[in-house]
Amino acid sequence: MVLGRYILQKTGWYLVALVAAVSLNFLLPRLVPGNPVDVIVSNLARGGSVTGEQQKAIYESFVAEFGLDAPLWQQFLTYLGKVFTGDLGTSFANYPASVNDLVGQALPWSVAVQLPAILIGWIVGNLVGAVAAFRGGNWDRSVFTSSLFLSSMPYYCLSILLLYGLAVVAGVFPVGGAYSLGLTPELSVEFLWDAISYYWLPFLSLVIVFIGGQAVGMRSMAIYELGGDYVNYARAMGIKDNTITTYIFRNAMLPQITGLALSIGTLVGGALITELVFNYPGVGTLLFNAIAQNDYPVIQAITLIITVAVLAANFAVEIVYGIVDPRIRAAKSGEK
């Protein structure tokens with residue numbers, strides 16, 4: 001009963017947050033001064049190949065396509081209807097390409113690089129940090145120093161260093177892109193083997209930094225828990241060290257689970273600059289190009305995906321906390 005009320009309460013709050021996020025995602029692009037269609041038509045007219053009548057026809061076509069001639073409230077209802085049916089609209093800059101298709105083409109590349117980097121970095125970083133905290137001494141100092149250095153390094157700095165050292169100088173990996181020219185993305189051994197050679201540098205630039213950050217966080221939390229009163233009390237009661245270590249690890253893992261969920265939630269745009277450095281065709285590159293081209297439907301779609309992913313990740317963490325952490329259940333029991 002207590003856990004059920006907890007989940008119901010959290011569900012209500014996150015539904016309110018989702019409605020607010022979806023509304024802001026609609027309003028914010030429209031608060032930018034000017035009409036984005038004017039920008040597109042003016043860019044087309046710069047080359048001198050479009051006549052006045054053609055400009056007018058293009059303008060009217062874009063306005064009708066995106067419903068910009070309707071009242072704002074009607075645009076909002078249309079927007080909500082499309083969002084809840086999975087229709088992300090039509091791209092301005094790549095008209096008449098569907099935003100769903102553009103995001104669908106870019107998303108697998110981002111997920112393929114970032115999801116393994118996050119999961120492997122989280123597991124390895126937490127193990128390294130926990131071992132450093134328990135062993136202490138020179139091992140702890142060396143792990144802490146190196147992990148702090150790696151975690152303080154921006155993704156793009158390590159990306160540039162790896163690109164220069166391993167691709168430009170050593171020639172071990174390709175310089176950029178996701179696959180060789182002349183190939184078409186497909187599920188074949190030839191394509192996958194070729195794509196893996198382009199995969200390693202973006203992956204390494206992400207996973208190395210992520211390992212450092214997780215190791216620092218886990219070490220700090222484990223050291224904090226080692227000095228807790230419950231640890232001293234458990235030792236005084238004669239509880240085995242293995243059991244105490246389990247308690248310490250479970251408590252220290254709670255903030256790390258939050259970090260994992262947020263990292264997965266921000267997966268879509270988390271490595272934007274890394275993708276740009278390696279010219280990797282992920283969602284980060286798509287978002288950068290959309291911003292440069294004032295392609296508001298694409299920007300709006302990607303930011304909406306990021307928002308929903310972050311909310312879903314946080315909601316999952318809240319539910320896991322309610323199940324794993326007995327202090328939350330105890331607090332809710334006291335409210336009855």
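Conventions and cut-offs
Residues numbered from 1 in each chain as written. Predicted model: local features only at pLDDT ≥ 70, side-chain atom pairs only at ≥ 80, totals over all residues. Heavy atoms only, no water. Salt bridge = Lys/Arg side-chain N within 4 Å of Asp/Glu carboxyl O. Helix = DSSP H or I, 4+ residues; strand = E, 2+ residues; numbered from the N terminus. Buried < 20%, exposed > 50% of the residue type's maximum accessible area, 1.4 Å probe, protein only. Core = buried A, V, L, I, M, F, W, Y, C linked by side-chain atoms within 4.5 Å. Contact = heavy atoms within 4.5 Å. Phe/Tyr/Trp six-rings, centres within 6.5 Å; stacked < 30°, edge-to-face > 60°. Lys NZ or Arg CZ within 6 Å of the ring centre and 35° of its normal. 1 Å grid on protein atoms, 1.4 Å probe; cavity = no way out; pocket = protein on both sides within 12 Å on 5 of 7 lines; lining within 4 Å. Points joined across faces, edges and corners; volume = space filled by probe spheres on them. Nonpolar A, V, L, I, M, F, W, Y, C, P; charged D, E, K, R; others polar.

Trainee: Which residues make up the pattern of salt bridges, and what values do they have?
Mentor: The full count for this structure, using the stated rule, is one salt bridge. One salt bridge connects Asp140 with Arg219, and the closest N-O pair in it is separated by 2.5 Å. With a gap of 79 residues between them, Asp140 in helix α6 (residues 137-152) and Arg219 in helix α8 (residues 189-226) connect regions that are remote in the sequence. Of the two residues examined, Asp140 and Arg219, each falls in the buried class.

Trainee: Mind laying out the nonpolar core, listing which residues take part and the relevant values?
Mentor: The nonpolar side chains of soluble globular proteins are, as a tendency, buried together. Formed by 20 residues in total, the largest nonpolar core has its most connected members in Leu286, Val298 and Ile302. Looking at this core, the elements with two or more residues in it are α2 (36-45), α3 (52-66), α5 (99-135), α12 (283-292) and α13 (296-324). Residue contributions to this core peak at five residues, all from α13. Not counting residues up to four positions away in its chain, the partners in contact with Val298 are Ser91, Val99, Leu102, Leu286 and Ala290. If you look at the next biggest cluster of nonpolar residues, it comprises twelve residues, including Ala117, Phe191, Ala195 and Phe203.

Trainee: An account of the side chain of Ser159 is needed here, citing residue identities and associated values.
Mentor: Along the polypeptide, Ser159 turns up in helix α7 (residues 155-169). Ser159 gets classed as buried once you look at its relative accessible area, which sits at 0%. For Ser159, the contacting residues outside a window of four places in its chain are Ser205, Thr274, Val277 and Phe278.

Trainee: Before we move on, could you go through the packing of aromatic side chains and cite the residues and values that matter?
Mentor: One pass over the structure, following the stated rule, counts eleven aromatic pairs. Taking 5.7 Å as the distance between ring centres and 90° as the angle between the ring planes, the aromatic pair formed by Trp109 and Tyr280 counts as edge-to-face. Taken as a pair, Trp109 in helix α5 and Tyr280 in the loop between α11 (272-277) and α12 lie far apart in primary sequence, 171 residues in all. Exposure class is identical for Trp109 and Tyr280. Each is buried. Put simply, the rings of Trp109, Tyr179, Phe191 and Tyr280 touch in pairs and so form one group of aromatic residues. One Lys or Arg, Arg219, reaches over the ring of Phe144 and ends 4.2 Å from the middle of that ring.

Trainee: Can you explain the layout of surface pockets? Please cite residues and give values.
Mentor: Counted as a void, the second largest pocket has a volume near 270 Å³. Every residue lining the second largest pocket is counted, 14 residues in all, and those nearest its centre are Trp109, Ala112, Phe191, Leu192 and Ala195. Going through the elements one at a time, α5 and α8 are the ones with two or more residues in the lining of the second largest pocket. When grouped by side-chain class, the residues that make up the lining of the second largest pocket number eleven nonpolar, two polar and one charged.

Nothing here speaks to function; it is all geometry.
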